[in-house]
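# Notes for the structure review
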Amino acid sequence: MRNMSLSDEEKTAALAHVPLFSGISFESMSRLAAAAGEQDFAAGQFIVRQGQIGTGLYIVLEGAVRVLRGSDELADLGPGDFFGELSVIDQQPRNASVQAIADTRCLSLASWELLQLLQTDTALSLNLIRGLVTRIREYGEHHRH
Amino acid sequence: MSAMSQQELFDTLSGLALFADLSRPQVEAVAHQMTEESYPTGQRILRQGFTGTGFYVIVEGEVAIKIDGDEIARLGKGDFFGEMSILLGEPPVADVVTTRQLRALHLGGPELEGFLRENPSVMYRMLKSIALRLRNANRWRS
């Protein structure tokens, strides 16, 4: 993993590959790139902890993370995946922990930035609804099998 | 179920969480974009495994959500269903059956995305409601 920080152009290029941001306006993408902060996590490090108040959304650029509730492993996520959105939307504590399982680079977006974008960019809202609905279906299937 | 005048329908819709941020003229516009439908008790509106038939907002009455015949939830006034299948382009994973006479607003599947884009405040309310659903789904699992 490189240690240089990403320019806005590089962030835009990275975000363009994330399904959550497909089809959003150029203006929203520029705002996202300017607002998103880059964070590196070492393998084993916790990125968010269950029960904490959420402060933002994370997008995995490189590496891999594991979503955990208590000792339950809920999912592994990789480049292009996102997490942390629920606490941003409903302002409730994190319902799961997320731990880096490899050296991982994320872009993070503060809650208020995401909320503002959601209220102005309908493509982003629609993508996020699709993402949540997909998770509900996956959890439902996991639950029944 | 007694017949509801247009005026009563608009009043009722204004009180639903999904439409809470709309002005009165916007509520009326939404009511015109959707079709008002009534169903008797015991009618299956969505069918597990079959291609979706639309998005529904419950105005009055109640439905049961059933997977493989087991009831997993009930929905009432102000709740909505059918959007998951439409947005994912997959058949419903549950049956939706009326447990009481139902009055609902219906929107055809292909129209949902355009409808939400035209009504961002409705989409934002839907997003919050679906987030709550995901949180509850998580809770059931743990």
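Residue numbers run consecutively from 1 along every chain, following the written order of its sequence. Following the order in which they are written, the chains are lettered starting with A and the ligands numbered starting with 1. Whole-chain, interface and lining totals are the exception, using all residues; otherwise, since this is a predicted model, local features are given only for residues with pLDDT of at least 70 and side-chain atom pairs are given and counted only at 80 or more.

### A closer look at the environment of isoleucine 101 of chain A
All names here are of chain A. To be explicit about the condition: Working definition: helices are DSSP H or I runs of at least four residues, strands are E runs of at least two. Numbering for both runs from the N terminus. The contact criterion used here is simple: two residues whose C-beta atoms, placed from the backbone, lie within 7 Å are in contact.
Summarising the element assignment, isoleucine 101 is placed in the loop between strand E7 (97-100) and strand E8 (104-110). Placed 65 residues apart in sequence, isoleucine 101 and alanine 36 show a C-alpha to C-alpha distance of 22 Å. If near-sequence neighbours (up to four positions away) are discounted, isoleucine 101 is found in contact with Ala43, Ala64, Val65, Arg66 and Asp76.

### Observations regarding the pairing of strand E3 (residues 56-62) of chain A
All names here are of chain A. In plain terms, the rule: The exposure label follows from counting other C-beta atoms within 10 Å of a residue's C-beta, where the C-beta atoms are placed from the backbone and the thresholds are 20 or more for buried and 12 or fewer for exposed, leaving partly exposed in between. Strands pair, by our definition, only if DSSP identifies at least two bridges between them.
Burial analysis of E3 places six of its seven residues in the buried class, which makes it a mostly covered element. The sheet contact formed by E3 and E8 spans six bridges and is antiparallel. Across the sheet, the residue bridging to tyrosine 58 is serine 108, located in E8. In terms of strand pairing, E3 meets strand E6 (residues 82-83) through two bridges, oriented antiparallel. Looking at the pairing, isoleucine 59 lines up with phenylalanine 82 of E6.

### A word on the packing of helix H1 (residues 6-14) of chain B against helix H2 (residues 24-33) of chain B
Residues and elements named next belong to chain B. Heads up, the condition is: Throughout, an axis means a line fitted to C-alpha atoms (over the contacting stretch in the case of helices), and angles, computed between N-to-C directions, take values from 0 to 180 degrees. Between 65 and 115 degrees an angle is taken as roughly perpendicular, under 35 as roughly parallel, over 145 as roughly antiparallel, and anywhere else as oblique. All residues other than Ala, Val, Leu, Ile, Met, Phe, Trp, Tyr, Cys, Pro, Asp, Glu, Lys and Arg, Gly among them, are scored as polar; the first ten of these are nonpolar and the last four charged.
Packing of H1 against H2 leaves a shortest axis separation of 10 Å and a crossing angle of 110 degrees. When the interaxial angle is binned, H1 and H2 end up roughly perpendicular. Two secondary-structure elements touch here, H1 through Leu9, Phe10, Leu13 and Ser14 and H2 through Arg24, Val27, Glu28, Val30 and Ala31. Broken down by class, the residue content of the contact of H1 with H2 amounts to six nonpolar, one polar and two charged.

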